[in-house]
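Chain and residue survey
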Amino acid sequence: MNLLLENNLVFSYGTLKRGFPNHSIMEEIKASYLVDAITKFKYPLVLAGKWNTPFLIDNKNYPNSYKVNGELFEIDKKGISTLDEFEGVGKCYYKRLKIDIYCKTEKGNTISKDTWCYFRYENSANLLMDSSRFLPFFGKKELKKYTAVHLRPLDWRNK
């Protein structure tokens, strides 16, 4: 991987992945897909809220959670700002934190310790009560439950 220091690495586990409804945002900001990846530590990944949005919860190695599968992208600073706005960073939707991930390569897994990831911003205690809801990945089956942003009412963020 030839990574430019002024760019950011972002781990996507949900609707921003290739082939998913919000990937057009990644295309608009010219995010470069690098490799499939998995979190180094286990985190709870759940579908939550009225739109069944995938949320990663910042609770490392929580019991019965999984190492989460996703994709690694390289994004410039302007792109990160656009993603933060889309994800509602600072508006109680998501927060952006650094995590460690394993990159899946032909030679085996390599680790990246400087990767951004979006986590649920709000208190998540109620979502941790039922570990049967935890997912190892957000896939096509889970996508069927999700309501895409373009299908929601125009004022959905205000509700």
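Residues numbered from 1 in each chain as written. Predicted model: local features only at pLDDT ≥ 70, side-chain atom pairs only at ≥ 80, totals over all residues. Heavy atoms only, no water.

Glancing now at the sheet that holds strand β1 (residues 8-12). Strand order in the closed barrel formed by five strands is β1-β5-β2-β6-β7, and the pairing between neighbours is mixed. Taking each pair of neighbouring strands and ignoring which way they run, the sheet shows an average axis angle of 50°. Pairing of β1 with strand β5 (residues 66-75), which is carried by five bridges, proceeds in the antiparallel orientation. Residue pairing across strands places N8 opposite I75, the latter belonging to β5. Sitting on the sheet, helix α2 (residues 77-87) is in contact with β1, β5, β6 (94-105) and β7 (108-120), with an inclination near 45° to β7. (Pairing = 2+ DSSP bridges. Helix = DSSP H or I, 4+ residues; strand = E, 2+ residues; numbered from the N terminus. Axes fitted to C-alpha atoms, helices over the stretch in contact; angles between N-to-C directions. Contact = heavy atoms within 4.5 Å.)

What follows is about the environment of I99. Tracing the backbone shows I99 in strand β6. With a relative accessible area of 4%, I99 lands in the buried category. Counting along the chain gives 58 residues from I99 to F41, while the straight-line C-alpha distance between them is 8.7 Å. Setting aside residues up to four positions removed in sequence, I99 forms contacts with F11, T39, Y43, S112, K113, D114, T115, C117 and F119. (Buried < 20%, exposed > 50% of the residue type's maximum accessible area, 1.4 Å probe, protein only.)

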